[in-house]
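Chain and residue survey
Each chain is listed here by its residues.
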Amino acid sequence: MDQPEKTYLGTNDRRTMIADAARALIVENGYAALRTRDVAARVGINISTLHYHVQNKAALVVLVADTTRDAFLALLPPAADPARPARAQLRAEAEAYFLSLRDRPELAACFAQLMQLAGSQPEIATHLDGFAQGWCQRYAEILAIGRSQGVFRADLQPLAAALAMTGALTAFASRGPTGLAMFWPVFDELERGFLISPDKERAQ
């Protein structure tokens, strides 16, 4: 039986509620078990109302991908700034990701599930690949700034270093809020490899 309608909400608010409910169900039960009727029940709307906002399961997953991306981006610090110390910017970038894993673990958990779909659903892959590349590029820009500031090695390859750092830190996404003890030691170890050597620093 369909659930009774809740108080009228605007389209954007309703779509946000639908996306949040779908994300929670994906995290709880996996994508394979996701049903639009279950999402409607979680939101408290009937299936016809849900299909007014998202026509089918594929459209629902795109909505989840978009809102998950946007929720994560909203947690990030300002874009790279050549006028600010690069090391502080690099740590702020990593801290934003750390806090998302600690305080919003459903975002990373849902993202991991969606990444498994990317191989068979090109539309999802397009959404997720653009996000992942943009996130990595943020690190690359900070590392390039640090290189120009003389903080990071002159021979540092910003994109390669960014891929190494984001790849290592992304490994913590599957561990949940209680599995983050090594997050900062890993970050510190990687950052040390980016810094100019103490001998060169003294010689400057």
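Residues numbered from 1 in each chain as written. Predicted model: local features only at pLDDT ≥ 70, side-chain atom pairs only at ≥ 80, totals over all residues. Heavy atoms only, no water.

What follows covers the overall build of the protein. When helices and strands are tallied, the protein shows 10 helices and 0 strands. Put simply, the protein runs from its N terminus to its C terminus through helices and strands in the order α-α-α-α-α-α-α-α-α-α. In terms of overall dimensions, the protein has C-alpha extents of about 75 × 30 × 30 Å along its principal axes. For the protein, buried positions account for 39% of its 204 residues. Considering only contacts in the protein between residues 6 or more positions apart, those separated by 24 or more positions represent 69%. Distance between charge centroids for the protein: 2 Å, based on 21 positive and 22 negative side chains. (Helix = DSSP H or I, 4+ residues; strand = E, 2+ residues; numbered from the N terminus. Buried < 20%, exposed > 50% of the residue type's maximum accessible area, 1.4 Å probe, protein only. Contact = heavy atoms within 4.5 Å. Lys, Arg positive; Asp, Glu negative; His and termini not counted. Charge placed at Lys NZ, Arg CZ, Asp CG, Glu CD.)

Below, the discussion takes up the UniProt feature "domain: HTH tetR-type" (unreviewed entry) in the protein. Those residues carrying the UniProt feature "domain: HTH tetR-type" (unreviewed entry) are residues 12-72 in this numbering. Along residues 12-72, the helical share is 80% and the strand share 0%, with 18 Å between the first and last C-alpha atoms. (UniProt positions renumbered as here; feature names shortened; annotations may be inferred.)

In this section: the UniProt feature "DNA-binding region" (unreviewed entry) in the protein. In the numbering adopted here, UniProt assigns the feature "DNA-binding region" (unreviewed entry) to residues 35-54. Counted over residues 35-54, helix gives 75% and strand 0%. Its end C-alpha atoms are 12 Å apart.

Moving on: the nonpolar core. Across soluble globular proteins, nonpolar side chains have a tendency to be buried as a group. Counting 30 residues, the largest nonpolar core has L90, Y139, L143, F152, L169 and F183 as the members making the most contacts within it. Counting residues per element, the ones that place at least two in this core are α5 (86-103), α7 (122-148), α8 (158-170) and α9 (183-194). Per-element tally for this core: the top contributor is α7, with 8 residues. In contact with F183, other than residues within four places in its own chain, are A94, Y97, F98, L101, L169 and F172. Counting residues in hydrophobic clusters, the runner-up holds 26 residues, among them I18, A19, V64 and C110. (Core = buried A, V, L, I, M, F, W, Y, C linked by side-chain atoms within 4.5 Å.)

Moving on, we get to helix α6 (residues 105-117). Along an α-helix, residues three or four apart share an orientation, since each turn contains 3.6 residues. Taking 1.5 Å of rise per residue, the 13 residues of α6 would be expected to cover 18 Å, and the 19 Å separating its terminal C-alpha atoms lies within 8% of that figure. For α6, every residue scored as buried is listed here: L107, A108, C110, L114 and L117. Down the axis of α6, the sector holding all buried residues measures 165 degrees, keeping them to one side. (Expected span 1.5 Å × (residues − 1). Arc of directions from axis to C-beta.)

With that settled, the discussion passes to α8. The end-to-end C-alpha distance of α8 is 18 Å, a good match for the 18 Å that 13 residues give at a rise of 1.5 Å each. For α8, the full list of buried residues reads P158, A161, A162, M165, T166 and L169. Angularly, the buried residues of α8 cover 125 degrees about the axis, an arc narrow enough to put them on a single face. Contacts made by the buried residues of α8 are with α5, α7 and α9.

This paragraph deals with the domain arrangement of the protein. For the protein, the assigned domains are domain 1 (9-56) and domain 2 (75-194). Taking the mean C-alpha position of each, domain 1 and domain 2 sit 30 Å from one another. Counting residues at the interface gives 5 residues for domain 1 and 8 residues for domain 2. In this assembly, domain 1 packs against domain 2 so that about 580 Å² is buried in total across both faces, 75% of it on carbon and sulfur atoms. Where domain 1 meets domain 2, there are 0 salt bridges. For the pair domain 1 and domain 2, the number of links is 1 residue pair in polar contact (both at pLDDT 80 or more). (Domains from an automatic or database assignment. Buried area = accessible area lost by both parts, 1.4 Å probe. Salt bridge = Lys/Arg side-chain N within 4 Å of Asp/Glu carboxyl O. Polar contact = N/O pair within 3.5 Å; in protein donor to acceptor, adjacent residues only side chain to side chain.)

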